[in-house]
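Okay, here's what each chain looks like letter by letter:
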Amino acid sequence: MIRLRTPADLDACVKALAEVQAADRYPMDWPDDPHGWLTPGDLLRAWVALDEEGAVVGHVGLAEVEPRVAELLGTPVRASVTRLFVTPSARRGGLAARLLDTALAAEGGRLTLEVSDEGTAAIAAYERYGWLRVATSRARWRNSAGEPALVHHYLSP
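Residues numbered from 1 in each chain as written. Predicted model: local features only at pLDDT ≥ 70, side-chain atom pairs only at ≥ 80, totals over all residues. Heavy atoms only, no water.

Chemist: Would you mind going over the pairing of strand E7 (residues 148-155) with me for this structure?
Modeler: Within E7, six of the eight residues are buried, which leaves the element mostly enclosed by the surrounding structure. Summarising the sheet, strand E5 (residues 111-116) and E7 pair through five bridges and their orientation is antiparallel. Opposite Leu113, over in E7, you have Tyr154 as the bridge partner. In terms of strand pairing, strand E6 (residues 132-142) meets E7 through seven bridges, oriented antiparallel. When the sheet's bridge partners are listed, Thr136 is paired in E7 with His152. Here E6 folds back onto E7 in antiparallel fashion, the turn holding five residues, of which Gly146 has a positive phi close to 85 degrees. (Buried < 20%, exposed > 50% of the residue type's maximum accessible area, 1.4 Å probe, protein only. Helix = DSSP H or I, 4+ residues; strand = E, 2+ residues; numbered from the N terminus. Pairing = 2+ DSSP bridges.)

Chemist: Would you mind going over the sheet that holds E6 with me for this structure?
Modeler: Sheet strands line up and pair through hydrogen bonds in the backbone, either parallel or antiparallel. With mixed pairing, the seven strands of this open sheet are ordered in space as E1-E2-E3-E4-E5-E7-E6. Of all strands in the sheet, those with a lone pairing partner are strand E1 (2-4) and E6, marking the two edges. Averaged over all neighbouring strand pairs, the angle between strand axes comes to 30 degrees, with direction disregarded. Both E1 and strand E2 (residues 43-50) contribute to a ladder of three bridges, which runs antiparallel. Counted as the bridge partner of Ile2 is Ala49 from E2. Packing of helix H5 (residues 120-128) onto the sheet brings it into contact with strand E4 (79-86), E5, E6 and E7, and relative to E5 it is tilted by some 155 degrees. (Axes fitted to C-alpha atoms, helices over the stretch in contact; angles between N-to-C directions. Contact = heavy atoms within 4.5 Å.)

Structure (structure tokens):
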């Protein structure tokens, strides 16, 4: 089941995020304030995916597009996918695609997302889902080598 995230879900989201970070290093560095990381100031709304027992096993958010990203893309896009993750135990069943579809349906227009070039599995998934890589830039945060991360920008199908 996928539904809108509520403030009461945040502890469970942090627990799920910890599983993802241990498996994939996403986020690259564990945030000092994981609740805050899941709720950035530009967040428009977010959804959680629940398993049959009601545990959070996935998450996706929509955030306002940063002006620098909108300029880089060269096309009007209002919202960006953010904080998308699925716990390792819930993978391989299309949950990430369903979370993306939920965000797309809610926005009713094109979306963008960013992914580090180190996220090879995520890149493969986005491209399999029909997302189109339209630009590449350097991020403000650092990759595993300690350099500004190389980030690919995608537009929704």
